[in-house]
Each structure stands twice: as structure tokens, then as C-alpha cells.
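The chain contents come next:
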Amino acid sequence: MLETLAQAVINGLLIGGIYALVSIGVTLIFGVVKIVNFAQGEFVMIGMYLSFFLATQFAVDPVVSLVITMPVLFSVGVLIQHFLIRRVLGQNDMPQIFLTFALSLLLVNLALMLFSANYRTVHTWYSDEALHLGGLYIPLAKLFAFALAMVLSAALWAFLHTTDLGKAMRAAAQNREVAQLMGINPNRVFCVALGVALALAGAAGSLLMPFYPAYPLVGQVFVLMAFVAVVLGTLGNILGALVASLMMGVAESLGIQFIGADSGLIVVFLMLLLTLALRPSGLAGGRAR
Amino acid sequence: MKNTRDQKSKRKTRREFLVKSAGAALAVGAFGAYPMRGYAADPVNIGGLYPVTGNLAQIGVGCVNAAKLAVEMVNDAGGIKALGGAKLNLIVSDVQSDTTVTRTETDRLISDNKLSAIHGCFASALTLIASEVAERAKVPLLTGSSSDQLNKGRHFTFTPFARASQFAEAQLQMAKLVDDKPKVAVIFENTAFGTSTSNGLRELAPTQGVEVVLFEPYSAGFTDASPLINKVKASGANALFSVSYLNDLILIVRTVKQVGLNIAINGGSGGFVIPDFYKNVGKLAEGLQGVAHWNHDMNEDAQKVNAEYKKRTGEFLFEYAGGLVAQTFMIAQALENAASTDPQKVRDAIAALDLSSGYAAMCPGGKVKFGPDGKNIHAHPVGVQWQNGDLASVFPQADARAPLIKT
């Protein structure tokens, strides 16, 4: 019983790490640029396909392919901010919502056209291996993904708190007008925010590839959880999103284990509703950081 | 919908038009929709209804390849002798994995062409509709679909292969090959397909002496199979029946391996017994079991057709495609016996078939004779196992072509 419980918690934490990479991207964009990126899941999908083709064409290990998918998606993020999002920032919410929503639909359907709906998997030496500790097991592919997700989150945290650019991003998130008065160029900061967020999505794609099949709609599986985590962890709060993602992974896993395999999401959304009822602005309260 | 699309395309550029029409011409050519001309005797039209676009296209395209191969085989062997060596002319129609399209396409296929018989659809939801249309038009339809509903109140529909109800029984009996006292965990996606299939398994289990220790619906499209497999592990099952589509099944198979759980997995039929499954799962598929209504290692004839199909497509002849070759030969034999292209007479000849040799009898058990409900009275499923990237028949004893490998 205790072993089953421990195993359920481990499973939840591991998948929670992946949710975290996606949700941190969403919350970063929301915190800094103040728009909701509905296409975040599709960038995970692009990251997966990139990793897949690097693995099958050039024999690059999916986890190693991070060093390619992250810069590629960073550039995509900068371009999207500069040529698309910048144009609608002065507008009201509707054009912004439809911009990212349209982007999501476009990317899914492009992927369907280019890659068809088939599942693509990459098989690495660690794809099916696991560490066994007593009766517990930790799948290697997920352990790598979790560890790197935590490293990347920590790196982002350090970047935001120690570098000038990171501080400028936080300043822009807190008060755009004042930041501008202090000489911060908002478009430059927004470009970096989009770039970093998409790079995280690309990382999530690479890290998923050894254990999850790629297909055009794969982003939507993860983005739902990411949005819940973003709201649960207080919009715009990176640490909140990280903690909320891990909590949700564990809640989902416990729900499946002890209630029923079709009730994982029920537990997650129940947790969301309860949190919103008690703390309407999310776990981290009113502080957006 | 179609009209607006047509109007729009008129406004498009000439280059686009040229590219598209070239594509259309290629597509029509590739599916052999042009009637062949120049034979001494008038060719005999038979229709093929398959989804070559949409989400069922993977299997549908394989079926069309097999259907074309079968027609070539009949024609190369001299066509229908009773009709002066008339050649078979296959007219394929794309039903697009969509029930509405299936209705109109079946209707169109029958009213535009003088058909003697139709084969097709494989997917139950589509076949049920095509069969209704064919019944009304009084054209015989042969199908590899396993839906039991096709055998109710129909006179022009014939099902040469095992029925859905027989699949569950075979799957349960296979569990006994693995262990004398099978304890089965049934996990299934909580959809109509998953629920009905697994309920069938649960109801039959006691009659087959199989204990179901876990009966667990799950939400399709999960991010992680670990908690589910954790449950299977805790249940103490020694066999796992997974009623799942490909994506979930890949995760389930991988997770079982990671957990180091020693359990015999039976993935059932459909998407589990096609070449694509192995492509995705790779070596992990080795030793996994399933059930099929047809397998390419059944007899020499089947192996011969399989070799030719493999040469053309690079993949082995999977159940629907292989069964379809047999169906084409059943139609050819019925045409031979009826000595007529009249669909009513062909229907009567199919109903009177009693075959035990040749390509037409290429099915588990090797015999074809239809009962009044259109069911082949000799039909039964075969238990299969992935061995060395290929599907080997392992059950029942009479149909086994390779020993079951215990995993």
C-alpha cells in the first residue's frame, strides 16, 4: 500500500516536470507581454517533430537535441513577437486572443498536412529502461526529462533575478509604463520573453520524444494541464506555475491510482475549483512575479 | 458545402487549377477508377468501398492495394470462364472514413455502374451503412467487418470471417495458453468502442474459466500510463487485455516494460494487428498477442499472395487486406457458378457457395459456406503473436503455424 502510494507520487512528480516546462512558458508570456498564448502546445509539438527528425535523420539523441530545438524555437518566438504579437499589443483583448488561437489552428493543420496524423516514436537506449529501488521504479527517460526541466527552471529563475535583461523583464511585467520611463525597450524585452517561453516548449518537446509519440494534436494534451497550472499557480508567477504543475501531476496520478483511471482529470479540476474558491488569484496570492 | 468550395476554386489561378487537375488525374489513375476496355467479353464490374482518405486511410489504402492485386490474379488466370473469359473490372470508391460520405458514395457507385457485387469498408460503422444501401439496391456485398449486426435481417450481405462475439471468446481462451489459472486485467478507454468490447470480455470470462481481477476504464489520450500500469501491477494479474487505440497502447506497452512487469499482453484486433503497430512500437511488440480474422501464414495460398503483396508494398498482408483477396475470389467463383453478371443471380450463387480449396477458401479453417444469416458457418478468429516483426498464428491448435512464445 505504502509502496503503491510512493510509486504514484513518483509518477506524478515526473510527469509534473513536463507540465512545468509548458506552463512556465505560458505564465512567462502572460506575465511579461500580458497575452495568453493558446499556441504554446503547438510549439511543444514542433519541438517534438524537430527532435524526431534530428533523431531519425541525423541520429541525434532527443535529449541532446535540446541544444538545437531550444535556439530554433527561441528564434521563432522572437519572430512571432516582432511580426505578429507586437502589431496587436495596443488593441483590446479580442485580436490578441484570436492571434494566438489562429496560430494554434494553423500549426496543427500544417502539421497534419506535412506529417499526416501518424504517430512517430523515437527509440533510445533509455526509452524502456528504469531505475529499480526496492519495489519502486523510476523510468530513465522521464527522470532525464524531470531533471532537465528542473535545471531549466532554475536557470530561468537565475536569469530573471541576476541579469539586467532578466530584471528588465520583471520590471516590464510589474509596470510597463514605469519600465519604459526607466529606459527599458519593451519590444526587446517582449521578444526575449517570447523566445524564452518557446525555447522551453521546444525543450519540453525534445524531452518528451523518448517516451511519448509525436502527432499533430499532441500539444493539446499538454497545454490543457499547462493552463490549469498557470491559473492554479497565479497568473504570471513562474514559481507558482512550477509548484502547481508538480502538484497537478501528483493529484492526477493519485486520482488514477486510488479513484479510477478515468478520474485523473476530475481530481485535477476539483483541485483547481477549490483553490479558486478559497484563493481566487491562485496559490501564490496576488503576487505576480 | 461542396458548391461553395467549387465556386471558390473557380476564382483561383490557372496554375492552381492545373496542379489540382493533374493531382486528380493521378489519383483516379492510381485507384483504377477507369473502366478497362478492349476485351473480347464485356468486363464484369465489381465495386470496392474503402476509406483512402481520413483517419482510417492507413488500413483503407492497404485494402485497395490488395483488391487490385486480387483482380489482377483473377484476370491473369483467364477471367470468368463461364462468361467467355470476361475480366473483372474493379471500381474503387473513397468513402473517406465518414458515414455520410459512405452513404452517398455507395449510392453513387451502385447507380453509376452496372455492378455485379461489392466488397468493402472493413470499419463497422461504415460497413453498416454501405450494407443498408446495397441491400436496398439488391447488390451483394461481402465484407471483412466483424460487426454482428451485419448478420441481422439482411439478404445481400455476406460475412466470410469471424464475428465480433467470437473475438472475445478467442481472446479469453488464449489467456489460458499463458497460465492455467488466468487472472486478467482488462483496461479500456472509456469510449463506445472500449466499453462495448470490454463488457463483452467481462460477460464471457466466467464461461471460459477466466478470472477478471481488474476492470478499469481510462480516459483516452493520457499523458502518462504509469499510474494505470501501477494499478495493473497491484491487481496481481498475469494477463493484460488492453482495449486501446494506438497512441495509448504504445505508452502502455512501454510502461509495462519499464516497470519490469512480467505479464502477457493481448491487444485484441484492428490497429494492433497491422504493420504500422510494429513500426511504432518496434522490438517491444515482440511477444505481444492479438486476435485476427485472417492471417497470412494460414496456408500456401495465403503465403503466396502475401509474398506478392510484400513485393509491391514492402509490408506483410494484414487481416483486412488478405481477407479481401479471398473475398474477390469468392465473387469470381460465384460469377463462374451463376454464369451471369446479374447481381440477384450472383447473390444466389454466393449464398450457395461451398468451398474448401483455392484462394476463395483462404480463411481460418479453410472452408466457406454461408448460413441463412450471411455468416460463414466455418468462420473463427485466429490468435496471433508478434514474432520477429511479423504476425504468427498461434491459436487455436489447428490454425497454429508457430508455437506461442511465453514472454
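Residues numbered from 1 in each chain as written. Chains lettered and ligands numbered in written order. Predicted model: local features only at pLDDT ≥ 70, side-chain atom pairs only at ≥ 80, totals over all residues.

**Q** Looking at this structure, how should I read the overall build of chain B?
**A** For chain B, the helix and strand inventory stands at 13 helices and 14 strands. When the 407 residues of chain B are sorted by exposure, 52% land in the buried category. For chain B, contacts bridging at least 24 residues in sequence account for 64% of all contacts bridging at least 6. (Helix = DSSP H or I, 4+ residues; strand = E, 2+ residues; numbered from the N terminus. Buried ≥ 20, exposed ≤ 12 C-beta atoms within 10 Å, placed from the backbone. Contact = placed C-beta atoms within 7 Å.)

**Q** Before we go on, may I ask you to explain the sheet that holds strand 4 (residues 141–142) of chain B in this structure?
**A** All names here are of chain B. Overall, parallel pairing links the 5 strands, which are arranged 2-1-3-4-5 in an open sheet. Each edge of the sheet is formed by a strand with only one pairing partner; in this case those strands are strand 2 (88–94) and strand 5 (157–158). When strand 1 (residues 44–50) meets strand 2, the two strands line up parallel, connected through 7 bridges. Its bridge partner being in strand 2, N45 is matched across the sheet by N89. Each of strand 1 and strand 2 touches helix 3 (residues 57–76); the most contacted strand, strand 2, lies at about 170° to it. Sheet strands touched by helix 12 (residues 319–338): strand 1, strand 2, strand 3 (115–120) and strand 4. Its angle to strand 3, the strand with the most contacts, is close to 160°. (Pairing = 2+ DSSP bridges. Axes fitted to C-alpha atoms, helices over the stretch in contact; angles between N-to-C directions.)

**Q** Whenever I open this one, the environment of Q303(B) confuses me. Can you help?
**A** All names here are of chain B. Mapping Q303 onto the fold places it in helix 11 (residues 300–313). Sequence spacing of Q303 and L317 is 14 residues, and the spatial spacing of their C-alpha atoms is 9.0 Å. Every residue in contact with Q303, bar those within four places of it in the chain, is listed here: H296 and D297.

**Q** In this structure, what is going on with the interface of chain B and chain A? I would like to understand it.
**A** Accessible area lost upon the coming together of the parts is a frequently used measure of interface size. Listed per partner, the contact involves 27 residues of chain B and 26 residues of chain A. For the side of chain B that touches chain A, the elements supplying multiple residues, two or more each, are strand 7 (211–218), helix 8 (226–235) and helix 9 (246–259) of chain B. Residues that form the side of chain B that touches chain A fall into these classes: 10 nonpolar, 12 polar and 5 charged. (Nonpolar A, V, L, I, M, F, W, Y, C, P; charged D, E, K, R; others polar.)

**Q** In this structure, what is going on with the domain arrangement of chain B? I would like to understand it.
**A** Residue and element names in this part refer to chain B. On domain assignment, one finds that chain B holds domain 1 (32–162 + 299–376) and domain 2 (165–292 + 383–399). A C-alpha centroid distance of 30 Å is found between domain 1 and domain 2. Contact with domain 1, which involves 10 residues of that partner, is made by 10 residues of domain 2. When its residues are assigned to classes, the side of domain 1 that touches domain 2 shows 5 nonpolar, 2 polar and 3 charged. (Domains from an automatic or database assignment.)

**Q** Got a minute to help me understand the pairing of strand 6 (residues 183–189) of chain B in this structure?
**A** As a general feature of sheets, a regular strand has side chains that alternate between the two faces. Residue and element names in this part refer to chain B. Taking burial as the measure, the 7 residues of strand 6 include 6 buried ones, the bulk of the element. Of the strand pairs in this sheet, strand 6 and strand 7 are connected by 7 bridges, and their pairing is parallel. Following the sheet pairing, A185 is matched in strand 7 by L214. You can see the chain leave strand 6, run along helix 7 (residues 192–204) and come back into strand 7, and the turn it takes is right-handed. Of the pairings in the sheet, the one linking strand 6 to strand 8 (residues 239–243) comprises 5 bridges and is parallel in character. Across the sheet, I187 pairs through a bridge with S242, a residue of strand 8. (Right-handed = clockwise from strand over helix to strand, strands pointing away.)

**Q** Looking at this model, I keep getting lost on the pairing of strand 1 (residues 130–133) of chain A. Mind explaining?
**A** All names here are of chain A. Note that strand 1 and strand 2 (residues 136–139) share 4 bridges and pair antiparallel. Its bridge partner being in strand 2, L133 is matched across the sheet by L136. Taking the residues between adjacent antiparallel strands as the criterion, strand 1 and strand 2 are bridged by 2 residues, where G134 takes a positive phi near 60°.

**Q** Help me understand unusual backbone geometry in this model?
**A** Comment: phi is negative for the bulk of residues other than glycine, and the bulk of peptide bonds are trans. Following F395(B), the chain continues to P396(B) via a peptide bond in cis, the omega torsion being -10°. Tracing the backbone shows P396(B) in the segment after strand 14 (390–395). The backbone of K34(A) shows a phi angle near 65°, a positive value even though the residue is not glycine. Within the secondary structure layout, K34(A) lies in the loop between helix 1 (2–33) and helix 2 (40–58).

**Q** What exactly am I supposed to notice about helix 11 (residues 264–278) of chain A here?
**A** Because each turn of an α-helix spans 3.6 residues, side chains separated by three or four positions end up pointing in the same direction. All names here are of chain A. When the terminal C-alpha atoms of helix 11 are compared, their 22 Å separation across 15 residues agrees well with the 21 Å that a helix rising 1.5 Å per residue should span. All buried positions along helix 11 are accounted for by G264, V267, V268 and T275. Burial along helix 11 is one-sided: seen end-on, the buried residues are contained in an arc of 100°. Turned more than 90 degrees away from the buried face of helix 11, the exposed residues are L273, L274 and A277. Among the structural elements, helix 9 (218–232) and helix 10 (238–258) are those in contact with the buried residues of helix 11. (Expected span 1.5 Å × (residues − 1). Arc of directions from axis to C-beta.)

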